[in-house]
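Single-letter residue listing:
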Amino acid sequence: MRVLLVGAGGVGTAITRIAARRPFFEAMVVADHDPVRAAAAVAALDGDDRFVAERVDAGDGTAVARLLARHRCDVLLNATDPRFVMPLFSAARTAGATYVDMAMSLSRPHPDRPYQECGVKLGDAQFAQAADWERAGALALVGMGVEPGLSDVFARYAADELFDEIEEIGIRDGANLMVDGLDFAPSFNIWTTIEECLNPPVVYEADRGWYTTEPFSEPEVFDFPEGIGPVECVNVEHEEVLLVPRWVDARRVTFKYGLGREFIETLKTLHRLELDRTDPVTVPSAAGPVAVSPRDVVVACLPDPATLGERMHGKTCAGTWVRGVKDGAPREVYLYHVVDNQWSMAEYGSQAVVWQTAVNPVVALELLATGAWSGAGVLGPEAFPARPFLDLLTAYGSPWGVREQGTR
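Residues numbered from 1 in each chain as written. Predicted model: local features only at pLDDT ≥ 70, side-chain atom pairs only at ≥ 80, totals over all residues. Heavy atoms only, no water.

## What about the sheet that holds strand β19 (residues 377–379)?
Then comes step 1: Taken together, the seven strands give an open sheet; going across it, the order is β3-β2-β1-β4-β5-β6-β19, and neighbouring strands pair in parallel fashion. Pairing within the sheet leaves two strands with one partner each, and these edge strands are β3 (51–55) and β19. On average, adjacent strands in this sheet sit at an angle of 20° to one another, irrespective of strand direction.
Then comes step 2: One ladder, built from two bridges, connects strand β5 (residues 98–101) with strand β6 (residues 139–141); its direction is parallel. The residue of β6 that forms the bridge with Tyr 99 is Ala 140. (Pairing = 2+ DSSP bridges. Helix = DSSP H or I, 4+ residues; strand = E, 2+ residues; numbered from the N terminus. Axes fitted to C-alpha atoms, helices over the stretch in contact; angles between N-to-C directions.)

Quick look at the structure:
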């Protein structure tokens, strides 16, 4: 396997550090619009000659396809933010490469009823091309990070091995991470965080299909394992709600994120000030008027989450809560994966959230390389058997858990 990794930010760099310990691939080209960042990611790998650095504009699909061909890469792994999903997705199809991402094509709210009906859903642009990928015998594995990604694998595992009928699948994400000396310091890409938190959340119900609600709706307190404890979680737009029902039979699917009151109020303030906008506004500068996206300004003003590891402490938990019936009796479980920032920093030099995101696409690549996973079309993680993934994740030194819950 020869991999083109596009994006050498926090998650991309963590991917290289995890992959460097595994023998399943022949080469990994680390490409970024910033050649210094790509070179730094490669230089940190102690001379592993399987890795080389390149410069590429992720928005230039033609250039990406040329890079795939020049290095004879048969897989494109997308570690950029969702704005670049479609050019990279198209470049992989042009070059005849397998495509893997961790976030799907962007949504667009319904123009008249944004908090009741879906407009363009996450992943719609990719699924619109599913038949072309399938006819070509090509694979696009979409949403293969931690959430979406591992959370979807948990959903498939629950359906296959833990339940006879599933009433509800709810992704629940929470943490007790703190960053010393900073009042507001998101632990993940703030551009993506704003996008998913301020868009209308999507809920799936079998008798209604997909519909939307207001941001931060339906708050609930969820008790997270391994010392994290109770965290208030709210509805957030996320890919799992669009992926899980395509392959797993469940009557209801939701995604709720433990954001915290202060974080929610900060996001609401950004929205009220229209600083979450992505369309450019004109601002004065020493060189004359400049068009700039308000959201990009917010990103530029905040610290890079990848640099916060040394000041961060605590744990992050990603997981899937499932309620249903097994052997005629009600059952409720929470399947989860916890990463301690102290461990991920000591072991890999990567903070917990980016490391937890990065490990899952590497596990998926290894399963594709060995043939344990295979397929054609635009497929989510639920389309593949869960057990090989979960066994390999444990072999990577990152075990997962299952907690039986009292039925609600």
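Next comes the rest of the write-up.
## Brief notes about the environment of Glu 205
Then comes step 1: The residue Glu 205 is located in strand β9 (residues 202–205) in this model.
Then comes step 2: Along the primary structure Glu 205 and Gly 149 are separated by 56 residues, whereas in three dimensions their C-alpha atoms are 21 Å apart.
Then comes step 3: Side-chain polar atoms of Glu 205 contact the side chain of Tyr 211, separated by 2.8 Å. (Polar contact = N/O pair within 3.5 Å; in protein donor to acceptor, adjacent residues only side chain to side chain.)

## Some thoughts on the environment of Gly 123
Then comes step 1: Along the chain, Gly 123 falls in the loop between β5 and α5 (124–127).
Then comes step 2: Between the C-alpha atoms of Gly 123 and Phe 24, which are 99 residues apart in sequence, the distance is 29 Å.
Then comes step 3: Sequence-distant contacts of Gly 123, that is, excluding residues within four places in its chain, are made with Met 104 and Ser 105. (Contact = heavy atoms within 4.5 Å.)

## Comments concerning the packing of aromatic side chains
Then comes step 1: By the definition in use, this model includes 18 aromatic pairs.
Then comes step 2: Ring centres of Tyr 334 and Tyr 336 lie 5.9 Å apart, and the angle between their planes is 15°; this geometry places the pair in the stacked category.
Then comes step 3: Classification of Tyr 336 as buried rests on a relative accessible area of 14%.
Then comes step 4: Ring centres of Trp 373 and Phe 389 lie 5.6 Å apart, and the angle between their planes is 25°; on these two criteria the pair is classed as stacked. Separated by 16 residues along the polypeptide, Trp 373 in the loop between α13 (352–370) and β19 and Phe 389 in helix α14 (residues 386–395) bring together distant segments of the chain. Phe 389 matches Trp 373 in its accessibility class, with the two residues each being buried.
Then comes step 5: The structure contains a cluster of three or more aromatic residues connected by ring pairs, namely Phe 222, Phe 224, Tyr 334 and Tyr 336.
Then comes step 6: For Arg 208, the ring lying beneath its charged end belongs to Tyr 211, and the centroid distance is 3.5 Å. (Phe/Tyr/Trp six-rings, centres within 6.5 Å; stacked < 30°, edge-to-face > 60°. Buried < 20%, exposed > 50% of the residue type's maximum accessible area, 1.4 Å probe, protein only. Lys NZ or Arg CZ within 6 Å of the ring centre and 35° of its normal.)

## What to know about helix α1 (residues 10–19)
Then comes step 1: In terms of residue burial, α1 counts as a mostly covered element, since nine of its 10 residues are buried.
Then comes step 2: Of all the positions in α1, only Gly 10, Val 11, Gly 12, Thr 13, Ala 14, Ile 15, Thr 16, Ile 18 and Ala 19 are classed as buried.

## Let's talk about α13
Then comes step 1: Spanning 19 residues, α13 covers 28 Å between terminal C-alpha atoms, matching the ideal 27 Å at 1.5 Å per step.
Then comes step 2: Counting buried residues in α13 gives 17 out of 19 residues, a clear majority hidden from the surface.
Then comes step 3: Two to three positions downstream of the cap, the backbone nitrogen of Val 353 sits 2.7 Å from a side-chain oxygen, assigning the N-cap of α13 to Gln 351.
Then comes step 4: Of the residues one or two after α13, Gly 371 is the one with positive phi, at around 85°. (Expected span 1.5 Å × (residues − 1).)

## Comments concerning the pairing of strand β17 (residues 315–326)
Then comes step 1: In this structure, strand β7 (residues 165–175) lies alongside β17, joined through 10 bridges in antiparallel fashion. Paired with Ile 169 across the two strands is Val 322, which belongs to β17.
Then comes step 2: Taken together, the 12 bridges between β17 and strand β18 (residues 329–340) define a ladder with antiparallel strand orientation. Considered in β18, the bridge of Thr 320 is made with Leu 335.

## So, the packing of helix α3 (residues 61–70) against helix α4 (residues 85–95)
Then comes step 1: With their axes 8 Å apart at the nearest point, α3 and α4 run at an angle of 45° to one another. Here α3 lies oblique to α4, going by the angle between them. As α3 runs across α4, the sense of the crossing is right-handed. For the pair α3 and α4, contact is made by Gly 61, Val 64, Ala 65 and Leu 68 and by Pro 87, Leu 88, Ala 91, Ala 92, Thr 94 and Ala 95, respectively.
Then comes step 2: The class makeup of the residues in the contact of α3 with α4 is eight nonpolar, two polar and no charged. (Parallel < 35°, antiparallel > 145°, perpendicular 65-115°, else oblique. Left-handed = near helix turned anticlockwise from the far one by under 90°. Nonpolar A, V, L, I, M, F, W, Y, C, P; charged D, E, K, R; others polar.)

## Brief notes about unusual backbone geometry
Then comes step 1: In this model, Glu 147 is joined to Pro 148 through a cis peptide bond whose omega is 0°.
Then comes step 2: Following the sequence through the fold, Pro 148 ends up in the loop between β6 and α7 (150–162).
Then comes step 3: A positive phi angle, near 50°, is found at Glu 218, a position not held by glycine.
Then comes step 4: Along the chain, Glu 218 turns up in the loop between β10 (209–212) and β11 (220–224).
Then comes step 5: Classification of Glu 218 as partly exposed rests on a relative accessible area of 35%.
Then comes step 6: Even without being a glycine, Glu 226 presents a positive backbone phi close to 55°.
Then comes step 7: The topology assignment puts Glu 226 in the loop between β11 and β12 (229–235).
Then comes step 8: Judged by relative accessible area, Glu 226 falls into the partly exposed class, the value being 43%.

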